[in-house]
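# Examination of the molecular architecture
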Amino acid sequence: MSAPSPTPSTPLFEVQDLHVSSTEGVEILRGVDLTVLPGEVHALMGPNGSGKSTLASVLLGSPEYVVTQGSIRFKGDDITDWSADVRGKAGLFLAFQYPLEVAGVSVINFLRQALSARKGIDLSVLELRLAIMDWMDRLGMDPSFADRYLNEGFSGGEKKRNEILQMAILEPEMAILDETDSGLDIDALRIVADGIAEVRRDRPDLGIVIITHYRRLLQYLRPDVVHILMDGRVVERGGADLAERLEAGGFDEFRDAESVEAESVEAESVEADSGASA
């Protein structure tokens, strides 16, 4: 039996000391901690190769990675060993950096199957069409998209808006947005940001983790907490002003700090080993 929904003062989603390796045994994440309260927006920022997309995949249960230490908790339940489909049914959602094209499956049929699985009921296309048309209007989408094959022939902005439509229809309690701003021009970015804000107005307790390289999406969606991920671990966290600091100084400041801390930890380890052998 799943735990009751968290109150605003208790965590909706927790990642504790998460260590992750590839299936070949290469360590990628080295002790990530993350706590999201209901209604909070968190931004996870870092350079290429820092482990951001790996973290997104692991949070949704990708079999491509192995959790070697730590835990993932959702509404109080330990979901570390749950499969991706079980996590999705429980209320977790991932917006992909590169949404897949699915030939032969229309947007409305995909959403009907996904929502039926999420809610445990068999919805008719007619029932769902009314909800989709409402959300398409709210998100500024062409209604004809409902009958097009999923993401087939869609522009980058259309694919990202379609991901936000899925988030609106599936009504998750926790959303992981993996580089949703990737490849978007300024107009498309604003439309996507407005769409996310519209979903939040409808579901104010929705927790969101935005994974991004850049601050530009955060100019429209002000985060409650910003985390800087370097070399597989969070090296700095703070408020929205941390993203502004990053924009001004780049990742080098945090990379240098991470190197100094790593050297300090290594020196302490050597001293401890010397003391033990003395």
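What counts and what doesn't
- Residues numbered from 1 in each chain as written.
- Predicted model: local features only at pLDDT ≥ 70, side-chain atom pairs only at ≥ 80, totals over all residues.
- Heavy atoms only, no water.
- Helix = DSSP H or I, 4+ residues; strand = E, 2+ residues; numbered from the N terminus.
- Buried < 20%, exposed > 50% of the residue type's maximum accessible area, 1.4 Å probe, protein only.
- Contact = heavy atoms within 4.5 Å.
- Pairing = 2+ DSSP bridges.
- Axes fitted to C-alpha atoms, helices over the stretch in contact; angles between N-to-C directions.

This part takes up the overall build of the protein. When you go through the protein residue by residue, the secondary structure sums to 8 helices and 12 strands. Counting every position in the protein, which comprises 278 residues, the buried fraction comes to 48%. Nonlocal contacts in the protein, meaning residues at least 24 apart in sequence, comprise 70% of its contacts between residues at least 6 apart.

Let us now look at the pairing of strand β10 (residues 207–212). When you tally the buried positions in β10, you get 6 out of 6 residues, the bulk of the element. Burial along β10 is two-sided: G207, V209 and I211 and I208, I210 and T212, pointing in opposite directions, are all buried. As paired elements, strand β3 (residues 41–45) and β10 share 5 bridges and run parallel to each other. In the strand pairing of β10, H42 is matched with V209. Bridge count between strand β9 (residues 174–178) and β10: 5 bridges; the pairing is parallel. Looking at the pairing, I176 lines up with V209 of β10.

If you walk across this open sheet you meet the 6 strands as β6-β9-β10-β3-β11-β12, and the pairing is mixed. Edge positions in the sheet fall to β6 (92–95) and β12 (233–238), since each has one partner strand and no second. Direction aside, the axes of adjacent strands within the sheet are offset by 20 degrees on average. Packed on one face of the sheet, helix α1 (residues 52–59) meets β3, β6, β9, β10 and β11 (225–230) and runs near 150 degrees to β9.

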